[in-house]
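Chain by chain, the residues run as shown.
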Amino acid sequence: MNDTAARPVVIRRILVALDASPHSLVALGAAVELAAHFKADLLGLFVEDINLLRLGDLPFSDELGLVSAIRRSLETTDVERQLRARAIEVRRALQAMADRAQVRWEFQLTRGPIAEELLKAAVEVDLVILGKKGWSPRRRQLGSTARAAAYQAPTLTLITGLGMHAQSPIAVVFDGTALGQKALAVASALARFADGHLLVLILAGPDQPTDSVHAAAVAALRTQPLQTHYRVLTLLSVGRLASMLRLEEGGTLVLPGSDELLQHPALPALLEETE
């Protein structure tokens, strides 16, 4: 395999962020599946949000019951009790799912700003998995923790929607860069985990002709037992990506985490609008 070939992805330790929300429980399911596939250890992280706890110290903080619609004073002890109850709930879910899949697991409970604690824990793992949203009532918006992970996590990051299950075909944007090679390796690993179908979206730059980027992708995947299809992505836009994924019936999308792509105006909209 030449130096342009995608190196095998080694996933030894997976971190999943848990908060008992529906999105985080879907993320947990994906984490257990991938941990079993890669024979990796699984770390479940629950962060007691320090900002939420501080609300209980404010004299004007109230909570409104979702069912009873009764307003009452919000106390720090009440918040702590609710957070601990959620922690117990997700730990039980983690234990049940991991034990069923025969995955080695551990549970970590910390207190602090959620994104900060997640990024701190991400330094010690090979893959971070979290739900697109937490308990925020803003239905379609990307959660602040997911946004922080997408832009700042020092390792591979998987953001799941409610229907997440390594949906096929796995699609990957390949731009010929070193990070693009890593994204291609991740996508090929996910494709083998799914059903062996891989859609490679060739994104050429001004200094990289399409034929050259395409050839690099073909060389990288030459030894992979995959059914691979290639399409040219003439520009990175939400509309173009979404329409191509619909046309090809693409499922999970892998993006290289390059500074250029992370700073591209299309990326926030893509993360907001897709599952």
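Before any of the text, the structure's been laid out above.
As a starting point, this report considers the structure included with it. Quantities reported herein were computed from a predicted structural model and do not represent experimental measurements. (Residues numbered from 1 in each chain as written. Predicted model: local features only at pLDDT ≥ 70, side-chain atom pairs only at ≥ 80, totals over all residues. Heavy atoms only, no water.)

What to know about the overall build of the protein
Stated precisely, the cut-off is as follows: Helix and strand definitions follow DSSP, with helices as H or I runs of at least four residues and strands as E runs of at least two, each counted in order from the N terminus. Type-normalised accessible area, obtained with a 1.4 Å probe on protein chains alone, sets the label of each residue: buried when under 20%, exposed when over 50%, and partly exposed for intermediate values. Between two residues, a contact is recorded if the distance between any of their heavy atoms is within 4.5 Å.
Scanning the protein from terminus to terminus reveals 10 helices and 11 strands. Burial status across the protein gives 45% buried among its 275 residues. Nonlocal contacts in the protein, meaning residues at least 24 apart in sequence, comprise 75% of its contacts between residues at least 6 apart.

Quick notes on unusual backbone geometry
Positive phi, close to 55°, is recorded for K39, a residue that is not glycine. Among the secondary structure elements, K39 is positioned in the loop between helix 1 (22-38) and strand 2 (41-49). In the Ramachandran plot, Q102 falls in the positive-phi region, its phi being about 60° despite a non-glycine side chain. In this fold, Q102 is placed in the loop between helix 3 (76-100) and strand 5 (105-112). The class for Q102 is exposed, based on a relative accessible area of 77%.

Quick notes on the sheet that holds strand 7 (residues 156-160)
To keep it simple, the criterion reads: Only strands that DSSP links by at least two bridges are regarded as paired with each other. Think of each axis as a best-fit line through the C-alpha atoms, taken over the contacting stretch in the case of a helix, with angles from 0 to 180 degrees between the N-to-C directions.
Pairing in this open sheet of 5 strands is parallel, and the strands run 5-2-1-6-7 from one edge to the other. Strand pairing shows two members of the sheet lacking a second neighbour, strand 5 and strand 7, which therefore form its edges. When strand polarity is set aside, the average angle formed by the axes of neighbouring strands in this sheet is 25°. Here 8 bridges tie strand 2 to strand 5, and the two strands are oriented parallel to one another. Directly across from V47, in strand 5, lies its bridge partner T110. Packing against the sheet, helix 3 makes contact with strand 1 (13-18), strand 2 and strand 5, and its axis sits at approximately 160° to strand 5.

Side note on the side chain of S188
Mapped onto the elements of the fold, S188 is located in helix 6 (residues 178-193). With relative accessibility at 4%, the residue S188 sits in the buried group. In this structure S188 touches L198, L221, Q224 and L226, once residues within four positions along its chain are discounted.

Quick notes on the side chain of S24
Mapped onto the fold, S24 is located in helix 1. Setting aside its immediate chain neighbours within four residues, S24 contacts A17, L18 and D19.

Observations regarding the environment of T228
Mapped onto the elements of the fold, T228 is located in strand 10 (residues 227-232). Sequence separation of T228 and L199 is 29 residues, and the distance between their C-alpha atoms is 5.9 Å. Leave out the neighbours within four places in its chain, and T228 touches L198, V200 and L221.

Observations concerning the sheet that holds strand 8 (residues 170-174)
Sheet architecture is open: 4 strands sit in the order 10-9-8-11, paired in parallel fashion. Both edges of this open sheet fall to strand 10 and strand 11 (253-254), since each of them pairs with a single strand only. Two strands pair when backbone bridges link them, and strand 9 (residues 197-202) and strand 10 are joined in this way by 6 bridges, in the parallel orientation. Looking across to strand 10, one finds that L199 is bridged to H229. Lying over the sheet, helix 6 contacts strand 8, strand 9 and strand 11, oriented at roughly 170° with respect to strand 8. Lying on the sheet, helix 7 (residues 210-220) is in contact with strand 8, strand 9 and strand 10; it crosses strand 9 at an angle near 155°.

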